[in-house]
Amino acid sequence: MTTVAVIGLGIMGGPMAANLLTAGLDVVGYNRTREKVDQLVERGGRGADDVADAVRDADIVLTMLPDSPDVEGVVLGEGGVLDSAKAGTLLVDASTIRPDVSVRLAEAARARGMRAVDAPVSGGEAGAVEGTLSIMVGGEPADVEAARPVLEAVGSTVVHVGPAGSGQTVKAANQLIVAGTIELVAEALVFLEAHGVDTEAAIKVLAGGLAGNRILDRKAAGMTAREFTPGFRVDLHHKDLGIVTSAAREAGVAIPVGALVAQLMGSLRAQGHGSLDHSALLLLVEQLSGRRGG
Ligand code: NAD
């Protein structure tokens, strides 16, 4: 039986680990806060006390951590994955981090006789719970194939997009599109409300036409109700827009709308809303419009 160590059992990693259990895999989990490990154990998984304990007997290590320094610490740090896993272990990093960091992790893994792929995901908490994530995978073809059974247990679209780091580049493009779309949906909703239009009816008809999109389907109702429980935290999308803007700059590509939305996300965060769902961009639109919000 394949043993999968899952490090990071948060909003995404928790349900992903649960889906690995459902797929019949042996799952051992570690999270900085013990409570989340206990939840995995209640579902039939095994709990670990630290990273070394989690990865010692693992065939595959799945990391689902917030940011680049977290993944670097867990993988490269003392007692980390590369120190503690057996030779041949496959590291599958599903976190959204900087593409250059993914490249470095893959090189470091290879130098230790291990393998690594970057496999960031899209689909949000709902996609993680339903096991329908879209997963963009960067790495060597053989390693991507070896990761596929685990990825297909947590996602329904698994695409190999190129060498190490490419998955993160595609994910950065994903985050650019999602942030821009949220901002436009937020502007449309505040605009409709200001005109006293029945927003529920408006959302229904907009969703059926060319303006239809997943943000409208999944987030607009929460936005009109001012329900901003995360979901995807503003803090994390701010991190991702930092990745997008610096990667675009490196490539010499202009992303004027993306840069503007990055500023708006940063402002929302600076106003103390980092732990709200990213759809809280609506609060900023209201504030800029002199309506309530902010
Ligand atoms: P989260 O904050 O809910 O979960 C991260 C978990 O990692 C937490 O439980 C935290 O305690 C744990 N953790 C942090 N450092 C650790 C360490 N050193 N050792 C062990 N555990 C540690 O975040 P999330 O929403 O699950 O996001 C995780 C990653 O997935 C991020 O990179 C995010 O950008 C990406 N992502 C999130 C979503 C979403 O909708 N939430 C969607 C796609 C991708």
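This is a predicted model, so every value here is computed, not measured.

Participant: Sorry, what's going on with the nonpolar core here?
Facilitator: Looking at soluble globular proteins, one finds that nonpolar side chains tend to be buried together. One finds Met-16, Leu-20, Val-92 and Ile-135 to be the most contacted residues of the largest nonpolar core, which totals 32 residues. Breaking this core down by element, the ones donating at least two residues are β1 (3–7), α1 (13–22), α2 (34–42), β4 (60–63), β5 (90–93), β8 (133–138) and α8 (141–154). Residue contributions to this core peak at 6 residues, all from α8. Apart from residues no more than four positions distant in its own chain, Ile-135 is found in contact with Ala-119, Pro-120, Val-121, Leu-151, Val-154, Gly-155, Thr-157, Val-158 and Val-159. Membership of the second largest hydrophobic core comes to 26 residues, among which are Ile-182, Met-265, Ala-280 and Leu-284.

Participant: Could you clarify how one ought to interpret the environment of Arg-112 in this entry?
Facilitator: For Arg-112, the position within the fold is in the loop between α6 (99–111) and β6 (115–118). Here Arg-112 falls in the partly exposed class, since its relative accessible area comes to 43%. Residues Arg-112 and Val-205 lie 93 residues apart in sequence; the distance between their C-alpha atoms is 55 Å. Here Arg-112 is in contact with Leu-82 and Asp-83, once residues within four sequence places are set aside. Among the polar contacts made by the side chain of Arg-112, one reaches the side chain of Asp-83 at a distance of 3.0 Å.

Participant: Looking at this structure, how should I read α8?
Facilitator: Two residues of an α-helix separated by three or four positions point the same way, owing to the 3.6 residues in each turn. With 14 residues, α8 should cover 20 Å at 1.5 Å per step; its first-to-last C-alpha distance of 20 Å lies within 8% of that length. The sharpest bend along α8 reaches about 45 degrees and sits at Arg-148, with the proline Pro-149 one to four residues further on. Looking only at α8, the buried set comprises Asp-143, Val-144, Ala-147, Arg-148, Val-150, Leu-151, Ala-153 and Val-154.

Participant: Mind showing me how you'd approach the pattern of salt bridges here?
Facilitator: Between side chains of opposite charge, a pair can form when the charged atoms approach closely. A full pass over the atoms with the stated rule returns 18 salt bridges. Arg-46 is the salt-bridge partner of Asp-26, the closest N and O atoms lying 2.9 Å from each other. With Asp-26 in strand β2 (residues 26–30) and Arg-46 in strand β3 (residues 46–47), the pair connects residues that are 20 residues apart, well separated along the chain. Measuring nitrogen to oxygen at the nearest pair gives 3.5 Å for the salt bridge that ties Asp-235 to Arg-233. Judged by its relative accessible area of 28%, Arg-233 falls in the partly exposed class.

Parameters and conventions
Residues numbered from 1 in each chain as written. Predicted model: local features only at pLDDT ≥ 70, side-chain atom pairs only at ≥ 80, totals over all residues. Heavy atoms only, no water. Core = buried A, V, L, I, M, F, W, Y, C linked by side-chain atoms within 4.5 Å. Buried < 20%, exposed > 50% of the residue type's maximum accessible area, 1.4 Å probe, protein only. Helix = DSSP H or I, 4+ residues; strand = E, 2+ residues; numbered from the N terminus. Contact = heavy atoms within 4.5 Å. Polar contact = N/O pair within 3.5 Å; in protein donor to acceptor, adjacent residues only side chain to side chain. Expected span 1.5 Å × (residues − 1). Bend = angle between axes of the 7 residues up to and from the residue. Salt bridge = Lys/Arg side-chain N within 4 Å of Asp/Glu carboxyl O.

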